[in-house]
Every structure is written in C-alpha cells, then in structure tokens.
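# What the coordinates show
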Amino acid sequence: MELLFVYLIISATISGALASDPDLLQDVCVADFASGTKVNGFACKDAANITAADFFFDGLAKAAVPNNQFGAVPTLAFVNQIPGLNTMGLSLARADFAPGGLVTPHTHPRATEIVFVLEGILDVSFITTSNVRVSKTIKKGEVFVFPRALVHFLKNNNHKPAAVLAAFNSQSPGAQLVVPALFGSTPAVPDDVLTIAFQTSNEEVQKIKSNFAPKN
C-alpha cells in the first residue's frame, strides 16, 4: 500500500515537471559540481564518467532523530544529494517529527509539494494569498498538497512520532523559513520595518531577533 502511494506521488511529480523546471534535452545530465560553468541548474558531467552512484541515495531509508528545538528534522533528496536529478524536474524529502514537533512556516519558491504520511498523524496547513488558511489532519497512508510558493507548515499534535515523504516538481525546490528570513537575515531587516509591520515594540523585535541571530 505504501509503495503504491509513493509510486503515485513520484508519477504525479514527473507529469507536472514542466510546470516548474525546464524539460531535459538529453537522456541524462548528471550534475558536475566541479564545473565552473554557471547555468540554470548545473553543467553536465561527461557521459563517460557517469555511474550508478550518481542516481542513488539511501538517506531516506531510515528515520532521522528530531532532536532540535522544533522537534522536526528534514532529510533532503535534492540534486545536491542525487546528481542524476539534474534537469529531471523532481526531488524528494523526508521529515521526521517528535511528539509536538513542528516544521515551521515556510515556502518553496520553485515547486509544488505533495506529502505522503509514512507514520503518525499530522495537522497541516497552507495560507493563500487572500490570507485564507486551508488545513487538514492527515494520517498514515494519506496525502496532502501544498501549492507552489504558498506559506505552509506541519505540526505533530499527537503523543507519538510521525514521518512524511514529500515530493517536489523541481530538482531544487528551495525553502525560505518565514521567521528566520525576517528576524535572522544578513544584513538584518531594519527594526523600524519590523515594528511597523508587526505592530509591536522595538524591544519585542530585538528579543525575537536574538533567537535567530546568525551563528558565527
């Protein structure tokens, strides 16, 4: 049953690839990370040097330990982990949640995301550009879609661990975390901008910024 749903997720992602990354013009274009050529994506490795390892990744096979302050840890299977994904227009990720764990509000500017629940129960939401929150509680074997570039988040409100497999119609979906982007950017967003935007005090802005100050 799980394998069927995973197959459907990947098939749907492939069929929608043209809505995101450009289509490939050859059989494969394995990313050459050592190349100095700058293109939209990565330059192709010489075909003579391609191996099966360029198309393989075992990092999603087991759960990560969600021991950070948010109780949720992602494991990425993007082009940087699988060079053979270059120009293929798809990628995967896994997220593991401790009880109470949260994948904080964020966006993927270059991809739509579809998640399949591997284990547990999650409360998921995205917010439209009209500021309407679309939410659902999803459990093992169920699927939910986060439209491209919309703010979304996932929360494990259950007392047991949870995990999802996510598919994207981009080899590099990108991810921008909303709060760190505003309160932890370099150079920093001016305090007066944040105090006006959030209708709060300068002291509150400084307090929040202290939690997201870039680590040296």
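Scroll up a little and you will see the structure.
Reference entry: report on the structure contained in this document. (Residues numbered from 1 in each chain as written. Predicted model: local features only at pLDDT ≥ 70, side-chain atom pairs only at ≥ 80, totals over all residues. Heavy atoms only, no water.)

## Regarding the sheet that holds strand E4 (residues 113-119)
If you trace the 5 strands from one edge of the open sheet to the other, you get E1-E2-E9-E4-E7, paired in antiparallel fashion. Strands at the two margins of the open sheet, each flanked by one partner only, are strand E1 (72-77) and strand E7 (143-146). Strand-to-strand twist of the sheet, defined as the mean angle between neighbouring strand axes without regard to direction, takes the value 25 degrees. With 6 bridges connecting them, E4 and strand E9 (residues 162-168) associate as antiparallel partners. For Glu113, the partnering residue across the bridge sits in E9 and is Phe168. (Pairing = 2+ DSSP bridges. Helix = DSSP H or I, 4+ residues; strand = E, 2+ residues; numbered from the N terminus. Axes fitted to C-alpha atoms, helices over the stretch in contact; angles between N-to-C directions.)

## Re the environment of Pro99
Mapping Pro99 onto the fold places it in the loop between strand E2 (91-97) and strand E3 (102-107). What makes Pro99 partly exposed here is its relative accessible area of 44%. Sequence spacing of Pro99 and Gly120 is 21 residues, and the spatial spacing of their C-alpha atoms is 9.6 Å. Non-local contacts of Pro99, meaning those with residues more than four positions away in its chain, are made with Asn156, Asn158, His159, Lys160 and Pro161. (Buried < 20%, exposed > 50% of the residue type's maximum accessible area, 1.4 Å probe, protein only. Contact = heavy atoms within 4.5 Å.)

## A word on the pattern of salt bridges
Evaluated as defined, the whole model comprises 5 salt bridges. Residues Asp54 and Lys45 are paired through a salt bridge, measuring 3.0 Å at the closest nitrogen-oxygen approach. (Salt bridge = Lys/Arg side-chain N within 4 Å of Asp/Glu carboxyl O.)

## Some words on the sheet that holds strand E6 (residues 133-139)
Taken together, the 5 strands give an open sheet; going across it, the order is E6-E5-E8-E3-E10, and neighbouring strands pair in antiparallel fashion. The two strands at the open ends of the sheet, each matched to only one other strand, are E6 and strand E10 (176-177). With 2 bridges joining them, E3 and E10 adopt antiparallel strand pairing. Looking at the pairing, Thr107 lines up with Gln176 of E10.

## Let's talk about the side chain of His152
With respect to the helices, strands and loops of the structure, His152 is situated in strand E8 (residues 151-155). You can call His152 buried: its relative accessible area is 1%. Polar contacts involving the side chain of His152 include one to the side chain of Glu113, which spans 3.0 Å. With residues near it in sequence (within four places) discarded, His152 still touches Thr104, Pro105, His106, Thr107, His108, Glu113, Ser125, Phe126 and Phe146. (Polar contact = N/O pair within 3.5 Å; in protein donor to acceptor, adjacent residues only side chain to side chain.)

## Some words on the pairing of E6
One ladder, built from 7 bridges, connects strand E5 (residues 121-127) with E6; its direction is antiparallel. Its bridge partner being in E6, Phe126 is matched across the sheet by Val134. Between E5 and E6, which pair antiparallel in sequence order, lie 5 residues; one of them, Asn131, sits at a positive phi of approximately 65 degrees.

## Observations regarding the nonpolar core
If you look at the biggest cluster of nonpolar residues, it comprises 21 residues, and the most contacted ones within it are Phe97, Leu122, Leu154 and Val164. Counting residues per element, this core draws most heavily on E9, which supplies 4 residues. With sequence-adjacent residues up to four places away left out, Phe97 is seen in contact with Pro66, Gly71, Ala72, Leu102, Val103, Leu122, Leu154, Asn156, Pro161, Ala162, Ala163 and Val164. With 11 residues, the next largest nonpolar core counts Ala77, Leu85, Phe116 and Leu165 among its residues. (Core = buried A, V, L, I, M, F, W, Y, C linked by side-chain atoms within 4.5 Å.)

## A look at the packing of aromatic side chains
In this structure the tally under the stated criterion is 5 aromatic pairs. Geometrically, the ring pair formed by Phe78 and Phe168 is edge-to-face, given 5.6 Å between the ring centres and 85 degrees between the ring planes. Here the residue Phe78 occupies a position in the loop between E1 and E2, and Phe168 occupies one in strand E9, the gap between them amounting to 90 residues. Cluster of aromatic residues (ring-pair linked, three or more members): Phe126, Phe144 and Phe146. (Phe/Tyr/Trp six-rings, centres within 6.5 Å; stacked < 30°, edge-to-face > 60°.)

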